[in-house]
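Analysis of the macromolecular model
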Amino acid sequence: MELTIRIAGAQGEGIETTGRMLATTFSKLGYHVFGFRQYASIIKGNPTMFFQLHISDRKIYSHGPWKKYDLLIALNKESLAAYEGGARHVISEREIPLADIAAKYGSRIMKNTAALGALSALLGVDPRHIEAEIRREFRDSIAESNAEVLYKAFEYSEKNLPKVRQMAKVGESHVLMSGAEVLALGAVMAGMQFYAAYPMTPASPILHWLAEHGPKHGVVVIQPEDEIAAINMAIGAGYAGVRAAVGTSGGGFDLMHEAFGLAGMVEVPVVVFLAQRGGPSTGVPTETEQSDLKMALAPAHGEFPHVVIAPRWIDEGPYAVAKAFNIAEKYQLPVIVLVDLYYTESLATVEFDPTRFKIERGELLRGPAVWEEYKRYKITESGVSPRSIPGTPGGMYIATSDEHDERGDVITDRHLPEVRKVMHAKRMRKLEKVAEEMEPPLISEGEVLAVAWGSTSMPLLDYRNGVGIALFRDIYPLPGGGWVETFNKSKEVVVVEMNYSGQFAEYLTSRGIKVSRKVSKWWGEPLSVDELGEWL
Amino acid sequence: MKLKKPADYTVNRPPIWCPGCGDYGILEALRRALAELGLPNEEVVVVSGIGCSSQLPHFMKTYGIHGIHGRAIPLAAGVKLANPKLTVIVVGGDGDGYGIGLNHMIHAARRNIDLTYIVSNNQVYGLTTGQMSPTTLRGATTKTTPEGSIEDPVNPIALALAAGATFVARGFSGDVPHLAALIKEAISHRGFALIDVLSPCVTFNKINTYDWFRGRIYRLEGHSPSDYLEAYKKALEWPTLDPVGKIPIGLFYKVERPTYDGEVWNRLQRWVNTMSSDST
């Protein structure tokens with residue numbers, strides 16, 4: 001059983017609320033659900049925004065097909081004209097007097113609720129399930145009149161519209177979360193205690209969730225004056241010994257580069273949630289893209305070790321985040337969790353295993369030290385040196401952005417090439433060890449091998465049409481292992497990504513990996529299973 | 001409290017500043033203040049940005065971060081918010097704090113984060129060899145103002161007052177006992193404290209010398225630091241109204257207000273209490 005619903009209308013008129021209520025309804029009926037919102041950078045307006053819901057009785061990973069959908073709810077003329085062509089069934093003013101029913105039993109703005117009544121008749125969903133969501137969303141008389149509108153529209157539709165499905169409860173209720181919420185939850189489970197973020201789409205929902213739930217779990221959450229302050233605060237908190245992170249999008253991360261390099265230089269762990277959107281500059285702020293990969297691979301001036309991890313599907317988020325925090329602390333370096341609007345803003349039914357979290361804090365100096373002897377930046381084979389935390393007697397040191405010696409003393413007032421040589425090499429050496437912890441791509445072999453990274457994995461997982469897949473989560477440093485053989489064996493290696501130039505393809509090519517062809521999409525819509533059929 | 005001497009905060013490397021630099025006075029005053037407060041070395045974090053004066057943490061036997069240009073305050077705020085038990089002191093120059101990093105001071109002041117911010121104000125960019133700074137006086141010649149500056153300088157005291165700082169003072173690095181007393185009081189104050197320190201650059205600023213200041217400064221006496229408007233009037237005396245005239249030093253303003261870090265941690269504690277009462 002598989003079903004795609006597109007709810008369309010003017011932005012600011014409850015499209016998202018309707019979509020969310022419906023997503024929750026189906027998730028409680030035991031269906032797997034994936035919801036995606038296509039919208040514009042305006043609070044009220046944009047006549048053709050939509051929320052697409054993909055529903056199935058088996059595990060799904062994406063919003064489904066883009067050009068054909070089973071049911072369109074069109075709440076205005078513009079969206080009916082724009083999307084009718086792809087719809088098998090339509091609910092609009094043409095099929096049922098939505099506005100009249102809404103006005104008669106509630107108010108005109110409850111058209112979307114009337115449409116839900118029609119939907120429950122059409123799909124054979126007991127309207128009481130939708131009523132329950134209405135009562136969770138609204139209060140008092142608003143809830144009452146919405147419920148009234150729902151049932152009246154349901155009754156009308158039972159009489160006048162064909163029934164196309166009979167959707168009963170198929171299993172236990174699923175938990176529905178957005179990608180952003182999943183990442184935030186992962187951070188809390190990973191023991192994060194400090195989060196600083198300046199509002200920016202599509203990273204803000206992480207901040208919203210943490211502002212509400214973080215303090216209950218001991219997380220200090222601050223909205224600072226800008227992104228520069230955000231990352232410097234997180235580095236300060238990391239220096240003081242707590243797990244710290246920031247969240248932003250490309251433009252905000254542009255501002256963070258200098259401090260990102262500082263974290264690399266002073267060897268303070270910090271995690272950056274980098275949620276991409278269409279660039280450059282302000283770009284396409286409410287639409288998805290994967291065009292910040294090159295920036296994530298080389299995020300600041302100079303050379304220093306860092307790590308890039310790009311969770312591939314929503315459920316994987318919490319564990320990817322936990323890994324990011326562990327790597328950051330074990331290797332004392334900055335880590336980027338690279339996601340995008342499609343990842344953070346999509347809703348999905350998720351499975352979550354709280355026993356899968358293990359906190360590894362790396363080499364910490366525990367207990368008092370002898371200050372005269374303590375070397376914060378001791379040259380070691382692994383490149384990692386035991387870190388002391390303010391408050392520890394004898395462990396005092398200065399974390400300096402200048403090149404320094406093993407004690408952290410600045411050396412730039414003299415010419416000390418020998419110190420620079422070994423200290424720089426010590427830091428860079430950490431990458432070799434990190435590479436051993438990088439997980440190879442998820443591979444299923446095939447003559448044609450479709451390669452993706454991060455969120456583009458989601459439509460590829462739903463596209464089951466005989467092609468092989470190689471899905472990368474751990475991006476930098478590139479994992480070792482036998483996967484290169486699979487690439488070589490495949491007849492055609494096609495890298496699928498959401499940018500114009502094929503940044504991941506270029507990255508793989510630069511490492512000598514076989515790439516035969518690129519599939520690129522960069523116009524602000526997510527990649528969909530039907531397009532994959534055409535392009536692969 | 002363990003008795004401490006200023007020497008308890010010294011390291012075995014001498015500062016790298018030019019002989020006669022005002023930063024020596026600030027370093028000595030800071031060590032004295034810490035000693036008088038008897039603060040354990042491991043509970044003090046000295047955070048700086050980039051510039052001559054930002055080298056200061058390296059000459060302190062404490063924790064510290066010598067960060068990037070202009071960003072000392074957010075680094076320090078992160079330290080304080082992560083562990084409010086630490087005493088966090090920020091040092092840096094006028095370029096670092098009133099130029100590239102100015103907005104951070106404004107926001108730290110209005111949030112009233114419990115930091116002590118000591119600005120070594122020498123009215124010139126020293127480490128980059130003598131360019132105009134945000135506090136360079138109008139008319140002063142520097143490498144980048146060969147015909148004299150055509151900009152009016154920032155008034156740090158007035159700015160901090162406008163931003164909502166709860167402790168605003170000015171010191172002089174040629175008067176270490178007075179400065180040490182100000183720093184001690186600033187550290188003891190719960191909230192954001194600015195001490196703007198007139199600190200001559202003997203190499204690149206030939207105008208605002210020790211003698212130039214000695215002939216102009218006077219100590220604020222009979223001034224009530226609880227009077228905001230009076231503090232503001234005093235703040236305007238120099239360099240806003242009279243760039244070459246009398247310069248007041250001392251405590252301009254002091255008020256008690258809830259600190260940001262205190263509020264944050266009260267909330268976290270409230271959740272801890274709620275959670276533990278839920279589970280019983």
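Note that the coordinates shown come from a computational prediction; the quantities given were computed from them, not determined experimentally.

Conventions we followed
Residues numbered from 1 in each chain as written. Chains lettered and ligands numbered in written order. Predicted model: local features only at pLDDT ≥ 70, side-chain atom pairs only at ≥ 80, totals over all residues. Heavy atoms only, no water. Helix = DSSP H or I, 4+ residues; strand = E, 2+ residues; numbered from the N terminus. Rg over C-alpha atoms; globule rule 2.2 N^0.38 Å. Buried < 20%, exposed > 50% of the residue type's maximum accessible area, 1.4 Å probe, protein only. Contact = heavy atoms within 4.5 Å. Areas by Shrake-Rupley, 256 points an atom, 1.4 Å probe, with all protein chains shown as cover. pLDDT = per-residue confidence, 0-100. Pairing = 2+ DSSP bridges. Axes fitted to C-alpha atoms, helices over the stretch in contact; angles between N-to-C directions. Core = buried A, V, L, I, M, F, W, Y, C linked by side-chain atoms within 4.5 Å. Buried area = accessible area lost by both parts, 1.4 Å probe. Salt bridge = Lys/Arg side-chain N within 4 Å of Asp/Glu carboxyl O. Lys, Arg positive; Asp, Glu negative; His and termini not counted. Polar contact = N/O pair within 3.5 Å; in protein donor to acceptor, adjacent residues only side chain to side chain. Right-handed = clockwise from strand over helix to strand, strands pointing away. Expected span 1.5 Å × (residues − 1). Parallel < 35°, antiparallel > 145°, perpendicular 65-115°, else oblique. Left-handed = near helix turned anticlockwise from the far one by under 90°. Nonpolar A, V, L, I, M, F, W, Y, C, P; charged D, E, K, R; others polar. Phe/Tyr/Trp six-rings, centres within 6.5 Å; stacked < 30°, edge-to-face > 60°.

**Some thoughts on the overall build of chain A**
Secondary structure summary: chain A contains 18 helices and 20 strands in total. In summary, chain A has a C-alpha radius of gyration of 25 Å against a globular reference of 24 Å for 536 residues, a match within 12%. Here the C-alpha coordinates of chain A stretch approximately 85 × 55 × 40 Å along the principal axes. Considering chain A as a whole, with its 536 residues, one finds that 63% of them fall into the buried category.

**A closer look at the overall build of chain B**
Per the secondary structure count, chain B includes nine helices and eight strands. The C-alpha radius of gyration of chain B comes to 19 Å, within 12% of the 19 Å expected for a compact globule of 280 residues. Structurally, chain B occupies a C-alpha span of about 75 × 45 × 35 Å along its principal axes. Excluding contacts between residues fewer than 6 apart, the proportion of contacts in chain B whose partners are at least 24 apart in sequence is 73%. Of the roughly 10,900 Å² of accessible surface on chain B, 56% is carried by carbon and sulfur atoms.

**What about the confidence of the model for chain B?**
Summary statistics for chain B give a mean pLDDT of 96 and a share of 99% for residues scoring 70 or more. Confidence estimates for the predicted assembly give a pTM of 0.97 and an ipTM of 0.98.

**A word on the sheet that holds strand β20 (residues 517-520) of chain A**
Strands belonging to one sheet form pairs held by backbone hydrogen bonds; the direction of such a pair is parallel or antiparallel. Residues and elements named next belong to chain A. The five strands are arranged β15-β17-β16-β19-β20 in an open sheet whose pairing can be described as mixed. Looking along the sheet, the strands with just one partner apiece sit at the ends: β15 (442-444) and β20. Across this sheet, the average inter-strand angle for adjacent strands is 20°, counted without regard to direction. Contacting β16 (448-453), β17 (468-472), β19 (492-497) and β20, helix α17 (residues 503-510) crosses the sheet at an angle of about 135° to β19.

**Section: the nonpolar core**
Judged by nonpolar contacts, the single largest core of 120 residues is most densely connected at I5, F26, I91, Y195 and F273 of chain A. The greatest single-element share of this core, amounting to nine residues, is contributed by helix α12 (residues 317-331) of chain A. Leave out the neighbours within four places in its chain, and F26 of chain A touches I5, Y31, V33, I55, L123, V125 and M167 of chain A. Counting residues in each nonpolar core, the second largest holds 104 residues, with F194 of chain A together with A72, V88 and A165 of chain B among its members.

**Some thoughts on the environment of D292 of chain A**
Following the sequence through the fold, D292 of chain A ends up in the loop between β10 (270-276) and α11 (293-297). In this structure D292 of chain A touches G250, Q276 and Q503 of chain A, once residues within four positions along its chain are discounted.

**Overview of the side chain of Q332 of chain A**
Note on placement: Q332 of chain A falls in the loop between α12 and β12 (334-340). Classification of Q332 of chain A as buried rests on a relative accessible area of 1%.

**Notes on the interface of chain A and chain B**
Interfaces are frequently sized by the accessible area removed from exposure as the parts join. Contacts between the two partners involve 46 residues from chain A, matched on the other side by 40 residues from chain B. Summing both partners gives a buried area of about 3,500 Å² for chain A against chain B, and 67% of it is carried by carbon and sulfur. It is E225, M396 and I398 of chain A that lose the most area in chain A upon contact with chain B, and together they represent 18% of the buried surface on that side. At the junction of chain A and chain B, the tally comes to two salt bridges.

**A word on unusual backbone geometry**
Here the amide bond leading from Y476 of chain A into P477 of chain A is cis, since omega sits at -5°, within 30 degrees of zero. Its place among the elements puts P477 of chain A in the loop between β18 (474-476) and α16 (483-489). A positive phi angle, near 50°, is found at Q332 of chain A, a position not held by glycine. If you check the backbone angles, N112 of chain B has positive phi at about 60° while not being a glycine. By the element assignment, N112 of chain B lies in the loop between α4 (102-111) and β4 (116-121).

**Details of the pattern of salt bridges**
All names here are of chain A. What the rule picks out here adds up to 50 salt bridges over all chains. Between D315 and K59 there is a salt bridge, with the nearest N and O atoms lying 2.9 Å from each other. Placement of D315 in the loop between β11 (307-309) and α12 and of K59 in the loop between β3 (45-56) and β4 (69-74) is noted, with a sequence separation of 256 residues between them. For D315, a relative accessible area of 12% puts it in the buried group.

**Looking at the side chain of R376 of chain A**
All names here are of chain A. Secondary-structure assignment places R376 in the loop between β13 (347-350) and β14 (398-400). It turns out R376 is buried and unbridged, and the closest side chain with the opposite charge, E267, is 4.9 Å from it. Among the polar contacts made by the side chain of R376, one reaches the main-chain carbonyl oxygen of S385 at a distance of 3.4 Å. Separated by 3.4 Å, the side chains of R376 and Y397 make a polar contact. The contacts of R376, once residues within four sequence positions are left out, are V266, E267, Q332, S385, P386, R387, S388, Y397 and E406.

**Topic: the sheet that holds strand β9 (residues 243-248) of chain A**
Residues and elements named next belong to chain A. The strand order across the open sheet built from seven strands is β8-β7-β9-β10-β12-β11-β18, with neighbouring strands paired in mixed fashion. Looking at strand neighbours, the two that pair on one side only are β8 (220-222) and β18, the edges of this open sheet. Taken pair by pair, the neighbouring strands of this sheet meet at an average axis angle of 20°, ignoring direction. The sheet contact formed by strand β7 (residues 192-196) and β9 spans four bridges and is parallel. Counterpart to Y195 in the pairing with β9 is A245.

**Some details on the pairing of β19 of chain A**
All names here are of chain A. When you tally the buried positions in β19, you get five out of six residues, the bulk of the element. Here β16 pairs with β19 via four bridges, running parallel. Bridge pairing in β19 places V451 opposite V495. In this sheet, β20 lies alongside β19 in parallel orientation, the contact comprising four bridges. Bridge pairing in β20 links V496 to V519. Crossover handedness for the path β19 to α17 to β20: right-handed.

**Focus: helix α9 (residues 227-239) of chain A**
Structurally, the α-helix is built with 3.6 residues per turn, so residues lying three or four positions apart point the same way. Here α9 of chain A spans 18 Å end to end across 13 residues, near enough to the 18 Å set by a 1.5 Å rise per residue. Two residues or fewer past α9 of chain A, G241 of chain A is found with a positive phi of approximately 105°.

**Digging into the environment of W483 of chain A**
Residue and element names in this part refer to chain A. With respect to the element layout, W483 can be found in helix α16. Along the chain, W483 and I443 lie 40 residues apart, while their C-alpha atoms are 7.6 Å from each other. In this structure the side chain of W483 is engaged in a polar contact, spanning 3.0 Å, whose partner is the backbone oxygen of P479.

**Quick notes on the pairing of β16 of chain A**
Residues and elements named next belong to chain A. Counting buried positions over the six residues of β16 gives five, a clear majority of the element. Taken together, the five bridges between β16 and β17 define a ladder with parallel strand orientation. Bridging across to β17, A450 finds its partner in I469. In terms of handedness, the path from β16 via helix α15 (residues 457-462) over to β17 forms a crossover that is right-handed.

**Points about the packing of helix α5 (residues 127-137) of chain A against helix α6 (residues 140-160) of chain A**
All names here are of chain A. At their nearest, the axes of α5 and α6 sit 9 Å apart, and the two run at 160° to each other. It follows from the interaxial angle that α5 and α6 lie roughly antiparallel. Two packed elements cross with a definite hand, and for α5 against α6 that hand is right-handed. Contacts between α5 and α6 involve P127, R128, I130, E131, I134 and R135 on the former and, on the latter, A143, E144, N146, A147, L150, Y151 and F154. Among the residues forming the contact of α5 with α6, the class breakdown is eight nonpolar, one polar and four charged.

**Regarding the packing of aromatic side chains**
All names here are of chain A. If you walk through the whole model with that rule in mind, you get 35 aromatic pairs over all chains. Ring geometry for F36 and W66: centres 6.3 Å apart, planes at 55°, overall tilted. Remark: W66 occurs in the loop between β3 and β4 and F36 occurs in strand β2 (residues 32-38); sequence separation between them is 30 residues. W66 matches F36 in its accessibility class, with the two residues each being buried. Ring geometry for Y500 versus W522: centroids 4.8 Å apart, planes at 80°, classification edge-to-face.

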